[in-house]
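One letter stands for each residue in the lines below.
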Amino acid sequence: MDEGDVYAAVGEDGFERLVAAFYRQVPGDDLLGPMYPADDLAGAEQRLRDFLVGRFGGPPRYIEQRGHPRLRMRHAPFAVSPAARDRWMALMTRALDEVRLPADADALLRDFLGQVATMMINQPG
Ligand code: HEM
């Protein structure tokens, strides 16, 4: 499976369930909770969902609304230490385990998310 085929396999519903399962854990997380906008978690959820949908072959809503992702730059305001990266992936891994996407799409997403999360690290520790 190529990255561009993931959306066809998973659908809007799959991305919606995945990102919802991730954000459900955010407010209660001691490390990540304080980093996210408490008054706009629904907006944050939509931004991540739209980004992933567009990145994996779905409608390009993220780019239409937010422009070029420039993810490292957009994460610069947040202290992404290796521990924060690992916590983010722990929440995302739990979300992936919960929503049970088709195996090939699941593997591709885990790999991609882990790599991008590592790229977001901008603090020593
Ligand atoms: C490594 C750990 C990470 C941390 C601690 C983190 C934290 C955050 C925070 C606090 C925000 C602001 C929420 C908002 O209002 O949108 C954000 C935004 C965002 N994050 Fe992350 N993030 C991480 C990894 C990732 C990864 C791996 C991806 C994509 C694969 C990602 C994609 C995004 C996107 C698309 C936005 C919205 C950017 C915008 O348009 O303003 N993040 N992230």
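Residues numbered from 1 in each chain as written. Predicted model: local features only at pLDDT ≥ 70, side-chain atom pairs only at ≥ 80, totals over all residues. Heavy atoms only, no water.

S.K.: How would you summarise the packing of helix α1 (residues 6–23) against helix α5 (residues 82–99) if you had to cite specific residues and measurements?
M.R.: The N-to-C vectors of α1 and α5 enclose an angle of 135 degrees; their axes lie 8 Å apart at closest approach. Regarding the angle of α1 to α5, the classification is oblique. Considering the relative orientation of α1 and α5, their crossing is right-handed. The residues of α5 that touch α1, namely those facing Arg17, Leu18, Ala21 and Phe22, are Trp88, Leu91, Met92, Ala95, Leu96, Glu98 and Val99. (Axes fitted to C-alpha atoms, helices over the stretch in contact; angles between N-to-C directions. Helix = DSSP H or I, 4+ residues; strand = E, 2+ residues; numbered from the N terminus. Parallel < 35°, antiparallel > 145°, perpendicular 65-115°, else oblique. Left-handed = near helix turned anticlockwise from the far one by under 90°. Contact = heavy atoms within 4.5 Å.)

S.K.: So what's going on with the layout of surface pockets? Residues and values would help.
M.R.: Here the largest pocket is characterised by a volume of approximately 710 Å³. Residue lining of the largest pocket: 25 residues in total, with Tyr23, Tyr36, Leu71, His75 and Phe78 positioned closest to the centre. When residues of the lining of the largest pocket are traced back to their parent elements, those giving at least two are α2 (41–55), α3 (61–66), α4 (71–75), α5 and α6 (103–119). For the lining of the largest pocket, the element with the highest residue contribution is α2, accounting for 5 residues. Looking at the lining of the largest pocket residue by residue, the class counts come to 20 nonpolar, 1 polar and 4 charged. (1 Å grid on protein atoms, 1.4 Å probe; cavity = no way out; pocket = protein on both sides within 12 Å on 5 of 7 lines; lining within 4 Å. Points joined across faces, edges and corners; volume = space filled by probe spheres on them. Nonpolar A, V, L, I, M, F, W, Y, C, P; charged D, E, K, R; others polar.)

S.K.: Could you give an account of the pattern of salt bridges, with specific residues and numbers?
M.R.: Applying the stated criterion across every chain yields a total of 12 salt bridges. With a closest N to O distance of 3.0 Å, arginine 47 and aspartate 40 form a salt bridge. (Salt bridge = Lys/Arg side-chain N within 4 Å of Asp/Glu carboxyl O.)

S.K.: Before we move on, could you go through the site of the ligand and cite the residues and values that matter?
M.R.: In the region of the ligand, 22 residues are neighbours, and Arg47, Tyr62, Arg66, His75 and Trp88 sit closest. Arginine 66 has a polar side-chain atom sitting 2.7 Å from an oxygen atom of the ligand. One of the side-chain nitrogen or oxygen atoms of tryptophan 88 is found 3.4 Å away from a nitrogen atom of the ligand. With respect to the detected pockets, the ligand is housed in the largest pocket. Of all the elements in the fold, those that place two or more residues in the shell around the ligand are α2, α3, α4, α5 and α6. (Near = heavy atom within 4 Å. Polar contact = N/O pair within 3.5 Å; in protein donor to acceptor, adjacent residues only side chain to side chain. Sits in = over half its atoms within 2 Å of the grid points.)

S.K.: Lay out the environment of alanine 44 in plain terms, naming residues and giving numbers.
M.R.: The residue alanine 44 is located in helix α2 in this model. Given the relative accessible area of 8%, alanine 44 is considered buried. Here the alpha-carbon distance between alanine 44 and tyrosine 23, two residues 21 residues apart in the chain, equals 8.6 Å. Beyond its immediate chain neighbours, meaning those up to four positions away, alanine 44 contacts Tyr23 and Tyr36. (Buried < 20%, exposed > 50% of the residue type's maximum accessible area, 1.4 Å probe, protein only.)

S.K.: Pulling in residues and values, what's your account of the packing of aromatic side chains?
M.R.: Evaluation of the coordinates by the stated rule reveals 7 aromatic pairs. Plain terms: the ring middles of phenylalanine 22 and tryptophan 88 are 4.9 Å apart, the flat faces sit at 50 degrees to each other, and that makes the pair tilted. Taken together, the residues span a long stretch of sequence, with phenylalanine 22 in helix α1 and tryptophan 88 in helix α5 at a distance of 66 residues. Under the relative-accessibility criterion, phenylalanine 22 is labelled buried at 0%. When its relative accessible area of 17% is taken as the criterion, tryptophan 88 is described as buried. When the centroid spacing of 5.7 Å and the interplanar angle of 85 degrees are considered together, the rings of phenylalanine 51 and tyrosine 62 count as edge-to-face. Of the two residues, phenylalanine 51 is situated in helix α2 and tyrosine 62 in helix α3; the sequence distance between them amounts to 11 residues. Taking the relative accessible area as the measure of exposure, phenylalanine 51 reaches 12% and is therefore buried. Given a relative accessible area of 7%, tyrosine 62 falls into the buried group. (Phe/Tyr/Trp six-rings, centres within 6.5 Å; stacked < 30°, edge-to-face > 60°.)

Shape descriptors only; they carry no functional weight alone.
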